[in-house]
Amino acid sequence: MAAGRQLIAGNWKMNGLKADGLGLARDIAARARAGTPACDLLVCPPATLIAAVGEVIAGSGVALGGQNCHAAEKGAHTGDVSAEMLKDAGCGYVIVGHSERRQNCGETDAVVNGKVAAAWRAGLVAILCVGETRAEREAGRAKDVVSGQLRGSLPEGADSARVVIAYEPVWAIGTGLTPTLADIEEIHRAIRAAIPSGARILYGGSVNPKNAAEILGLDGVDGALVGGASLKAEDFWAIAQACG
Ligand code: PGA
């Protein structure tokens with residue numbers, strides 16, 4: 001993927017049976033083949049659909065990613081998927097440390113750190129998610145929380161080719177709420193100061209076709225991690241069109 005281009009990544013979460021997921025992938029791939037998007041595109045389907053979606057998007061320029069991985073390469077970890085398995089299934093990326101996993105599955109910074117390292121071991125780009133809760137923002141601690149998560153979750157040796165940071169305020173995910181544009185810029189500046197130069201920093205949390213242009217037009221926003229709006233090809237494409 002070309003450096004300097006924005007990245008629009010779709011996080012499908014636990015959504016989509018075969019018919020929906022493949023239909024969505026076909027629609028996105030057809031638009032990408034026909035339209036030469038001004039950004040890089042990535043879809044992260046649920047694990048059950050990764051291989052099949054990979055076949056559908058092959059040759060379209062749309063990249064494939066997983067939503068999580070285990071830190072180990074293989075072994076007795078019932079129900080888990082390793083970074084090597086994602087790579088083997090055709091992925092180039094994996095999302096790690098999403099707040100839903102930090103909250104619902106008890107993933108600490110140390111656990112997430114191991115997953116980023118696993119992604120690198122397997123040759124995947126890690127999309128590391130960080131972001132404050134509503135209480136933390138109201139207490140004026142957003143920047144400190146994000147900096148702490150970066151320190152704890154990002155292993156030594158990070159470089160721009162292997163890591164993408166996604167700033168996702170927990171209170172903005174799936175709620176229709178977004179920080180002010182100034183607040184997004186402020187946190188992106190703080191992240192920029194803490195990570196390797198050139199690494200992309202995405203904003204995530206209630207990005208939709210209506211707010212995409214103003215968010216993606218901000219200084220220091222190198223793309224978006226999109227949940228709900230990535231489940232409709234038309235909306236995902238409209239967000240991509242807001243780039244550049
Ligand atoms: P949302 O999710 O776009 O539905 O708010 C974003 C995310 O969780 O990555």
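Quick note: structure is the one above.
Residues numbered from 1 in each chain as written. Predicted model: local features only at pLDDT ≥ 70, side-chain atom pairs only at ≥ 80, totals over all residues. Heavy atoms only, no water.

**Here's the deal with the overall build of the protein**
Stated formally: A run of H or I in DSSP becomes a helix once it reaches four residues, and a run of E becomes a strand once it reaches two; helices and strands are each numbered from the N terminus. For the radius of gyration, the atoms used are the C-alpha atoms, and the globule rule reads 2.2 Å times the number of residues raised to 0.38. Only protein chains enter the accessibility calculation, which uses a 1.4 Å probe. A residue is then buried if its area is under 20% of the maximum for its type, exposed if over 50%, and partly exposed in between. Here, residues are in contact when the closest pair of their heavy atoms is within 4.5 Å. Every accessible area reported is derived by Shrake-Rupley at a probe size of 1.4 Å, with residue values counting cover from the shown protein chains alone. All tallies of charge rest on Lys and Arg as positive and Asp and Glu as negative; His and the ends of each chain are not included. Taken as the charge location is NZ of Lys, CZ of Arg, CG of Asp or CD of Glu.
When helices and strands are counted, the protein shows 10 helices and 8 strands. Expected size for 244 residues packed as a compact globule is a radius of gyration near 18 Å; at 16 Å, the protein falls within 12% of this value. In terms of overall dimensions, the protein has a C-alpha envelope of 45 × 45 × 30 Å along the principal axes. Within the span of the protein, comprising 244 residues, buried residues form 50% of the whole. The long-range fraction of contacts in the protein, counting pairs at least 24 apart against all pairs at least 6 apart in sequence, stands at 72%. Accessible area for the protein stands at about 10,600 Å²; split by element, carbon and sulfur atoms hold 51% of it. Side chains of the protein give 23 positive and 26 negative charges; the mean places of these two sets differ by 2 Å.

**Structural notes on the sheet that holds strand β1 (residues 7–11)**
What counts, and what does not: Pairing between two strands requires that DSSP report at least two bridges joining them. Axis lines are fitted through C-alpha atoms, for helices just across the contact stretch, and the angle between N-to-C directions can take any value from 0 to 180 degrees.
Reading around the barrel, the 8 strands line up as β1-β2-β3-β4-β5-β6-β7-β8 and close back on themselves, with parallel pairing between neighbours. The sheet shows a mean angle of 25° between the axes of neighbouring strands, taken without regard to direction. Sheet analysis places β1 next to strand β8 (residues 223–226), joined by 4 bridges and oriented parallel. Note on β8: the bridge partner recorded for Leu7 is Gly223. Packed on one face of the sheet, helix α8 (residues 181–194) meets β5 (125–130), β6 (163–167) and β7 (200–204) and runs near 150° to β7.

**Structural notes on the pattern of salt bridges**
Cut-off, in case you're wondering: What counts as a salt bridge is simple: a side-chain nitrogen of Lys or Arg found within 4 Å of a carboxyl oxygen of Asp or Glu.
Evaluation of the coordinates by the stated rule reveals 14 salt bridges. The shortest N-O distance in the salt bridge between Glu132 and Arg137 comes to 2.7 Å. Accessibility assignment for this pair places Glu132 and Arg137 in one class, buried. Between Asp183 and Arg137 there is a salt bridge, with its nearest N and O atoms 3.3 Å apart. Within this pair, whereas Asp183 is found in helix α8, its partner Arg137 is found in helix α6 (residues 134–138), the two being separated by 46 residues in sequence. For Asp183, a relative accessible area of 23% translates into the label partly exposed.

**Description of the packing of helix α5 (residues 109–122) against helix α7 (residues 142–153)**
Spelled out, the test is: Angle categories: roughly parallel below 35 degrees, roughly antiparallel above 145, roughly perpendicular from 65 to 115, and oblique for all the rest. We call Asp, Glu, Lys and Arg charged. Ala, Val, Leu, Ile, Met, Phe, Trp, Tyr, Cys and Pro are nonpolar, and the rest, Gly among them, are polar.
The geometry of α5 relative to α7 is characterised by a closest axis approach of 7 Å and an angle of 50° between their N-to-C directions. In terms of their interaxial angle, α5 and α7 are classed as oblique. The segment α5 lies against α7, with Asp109, Ala110, Val112, Asn113 and Val116 engaging Gly148, Gln149, Gly152 and Ser153. Counted by class, the contact of α5 with α7 contains 3 nonpolar, 5 polar and 1 charged residues.

**So, the side chain of Lys115**
Our working definition: As used in this structure description, the phrase polar contact means that two N or O atoms lie within 3.5 Å; if the pair is within protein, one of them must be able to donate a hydrogen and the other to accept it, and residues adjacent in sequence are counted only when both atoms belong to side chains.
Structurally, the position occupied by Lys115 is in helix α5. A distance of 3.2 Å separates a polar side-chain atom of Lys115 from the backbone oxygen of Cys69. At a separation of 2.6 Å, a polar atom in the side chain of Lys115 contacts the side chain of Glu107.

**A closer look at the site of the ligand**
Which entries qualify depends on this criterion: Residues are labelled near a given molecule or strand when at least one of their non-hydrogen atoms is within 4 Å of it.
What surrounds the ligand is a group of 13 residues, the closest being Lys13, His98, Glu168, Gly174 and Ser206. One nitrogen or oxygen atom from the main chain of Gly174 is found 2.7 Å from an oxygen atom belonging to the ligand. Measuring from an oxygen atom of the ligand, one finds a backbone N or O atom of Gly228 at 2.8 Å. In isolation the ligand exposes 280 Å². Once the protein is present, 95% of that is buried.

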